[in-house]
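Reading the structure
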Amino acid sequence: MSLVTLLPFIVLIGAMFLMTRSAKKKQQAAAQMRNDMQPGSGIRTIGGMYATVKEVNEDTVLVDAGPGVDLLFAKNAIGAVLSDDEYNRLVHGIEHDLKDDEAVVPDDASSLTETDEPADASDDKPIDLGKKDADDESADEPTEESADAEPKKADEAELKKSDGESDAK
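Structure report, in brief. (Residues numbered from 1 in each chain as written. Predicted model: local features only at pLDDT ≥ 70, side-chain atom pairs only at ≥ 80, totals over all residues. Heavy atoms only, no water.)

**Notes on the overall build of the chain**
- Assigned secondary structure in the chain consists of four helices and five strands.
- Within the chain, the fraction of its 169 residues that count as buried is 10%.
- Put simply, 37% of the contacts in the chain that link residues at least 6 apart link residues at least 24 apart. (Helix = DSSP H or I, 4+ residues; strand = E, 2+ residues; numbered from the N terminus. Buried < 20%, exposed > 50% of the residue type's maximum accessible area, 1.4 Å probe, protein only. Contact = heavy atoms within 4.5 Å.)

Below, the structure is given as structure tokens:
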């Protein structure tokens, strides 16, 4: 056999070795995390329940899930051991490490556009977005009469077209 025919098999075996190696590292890290649990630690189970560790045994963990509720779990059922700050933030809604120098991001964009000053009435001029004829191009600003007339003409045209007629000429 030549090296060219063996190359795909070598690459496949190498990829399998790397995948199993990373999976073993993850399993060892999870086992170490479970072994480092102490009474009083906050945990999250693989089912998503948050609780506090009361007692750690060889294969089991006794947790306090609420007032008067003690549950016994297998160590393998513990998904994560949480830090005290993270546990308090998730379970009790307590924020400890708020830094004043960090930028505060609002929940919605409306607070970014609000101003304390009232808007001037001079800024609220009507804007004419209609098409101008050749005669109207000489006039710079439309008068109120022509501004009112434009929408009426457009409304009348829409009423005529509303029964399904098209603009085709």
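From this point, things continue past the structure.
**A short note on the side chain of Lys 75**
- The topology assignment puts Lys 75 in the loop between β4 (69-74) and β5 (78-82).
- An unpaired buried charge is present at Lys 75: no salt bridge exists, and Asp 59, the closest side chain of opposite charge, is 6.6 Å distant.
- Polar contacts involving the side chain of Lys 75 include one to the main-chain carbonyl oxygen of Asn 57, which spans 3.4 Å.
- Beyond its immediate chain neighbours, meaning those up to four positions away, Lys 75 contacts Arg 34, Asn 35, Met 37, Val 56, Asn 57, Glu 58, Asp 59, Thr 60 and Val 61. (Lys, Arg positive; Asp, Glu negative; His and termini not counted. Salt bridge = Lys/Arg side-chain N within 4 Å of Asp/Glu carboxyl O. Polar contact = N/O pair within 3.5 Å; in protein donor to acceptor, adjacent residues only side chain to side chain.)

**Quick word on the nonpolar core**
- The biggest cluster of nonpolar side chains holds seven residues, and these are Met 37, Ile 43, Ala 51, Val 53, Val 61, Val 63 and Ile 78.
- Apart from the residues lying within four places of it in its own chain, the contact partners of Ile 78 are Met 33, Arg 34, Met 37, Ile 43, Arg 44, Thr 45, Ile 46, Val 61 and Phe 73. (Core = buried A, V, L, I, M, F, W, Y, C linked by side-chain atoms within 4.5 Å.)

**Description of a nonpolar patch on the surface**
- A surface patch of nonpolar side chains, about 430 Å² in accessible area, is lined by Leu 3, Leu 6, Phe 9 and Ile 10.
- Tracing the backbone through its elements, the reader meets Leu 3 in helix α1 (residues 3-35).
- Taking the relative accessible area as the measure of exposure, Leu 3 reaches 65% and is therefore exposed. (Patch = residues over 30% accessible without salt bridge, like charges linked within 9 Å, V, L, I, M, F, W, Y side chains within 5 Å. Areas by Shrake-Rupley, 256 points an atom, 1.4 Å probe, with all protein chains shown as cover.)

**A closer look at the sheet that holds strand β1 (residues 42-45)**
- In space, the five strands of this open sheet follow the order β4-β3-β2-β1-β5, with antiparallel pairing throughout. Of all the strands in the sheet, the pair left with one neighbour each is β4 and β5. For this sheet, the mean inter-axis angle between neighbouring strands, taken without regard to orientation, is 40 degrees.
- Pairing between strand β2 (residues 50-56) and strand β3 (residues 60-66): four bridges, direction antiparallel. (Pairing = 2+ DSSP bridges. Axes fitted to C-alpha atoms, helices over the stretch in contact; angles between N-to-C directions.)

**Quick notes on the environment of Val 81**
- Structurally, Val 81 is set in strand β5.
- The exposure class assigned to Val 81 is partly exposed, which follows from its relative accessible area of 29%.
- Sequence-wise, Val 81 and Ile 43 are 38 residues apart; in three dimensions their C-alpha atoms are separated by 4.5 Å.

**A short note on the environment of Ala 65**
- Relative to the assigned elements, Ala 65 resides in strand β3.
- Linking Ala 65 and Ala 51, residues 14 residues apart in sequence, is a C-alpha distance of 4.6 Å.
- Each residue touching Ala 65, except ones within four places of it in the same chain, is listed here: Met 49, Ala 51 and Leu 71.

**Section: the side chain of Arg 34**
- Within the element layout of this structure, Arg 34 appears in helix α1.
- A distance of 3.0 Å separates a polar side-chain atom of Arg 34 from the backbone oxygen of Ile 78.
- Not counting residues up to four positions away in its chain, the partners in contact with Arg 34 are Lys 75, Asn 76 and Ile 78.

**Regarding the pairing of β3**
- Linking β2 back to β3 in an antiparallel pair, the connection comprises three residues.
- Here six bridges tie β3 to β4, and the two strands are oriented antiparallel to one another. In the sheet register, Val 61 faces β4, and the bridge partner there is Phe 73.
- What sits between β3 and β4 in their antiparallel hairpin is a turn of two residues, with Gly 68 showing a positive phi close to 80 degrees.

Read these as spatial facts, not as claims about activity.
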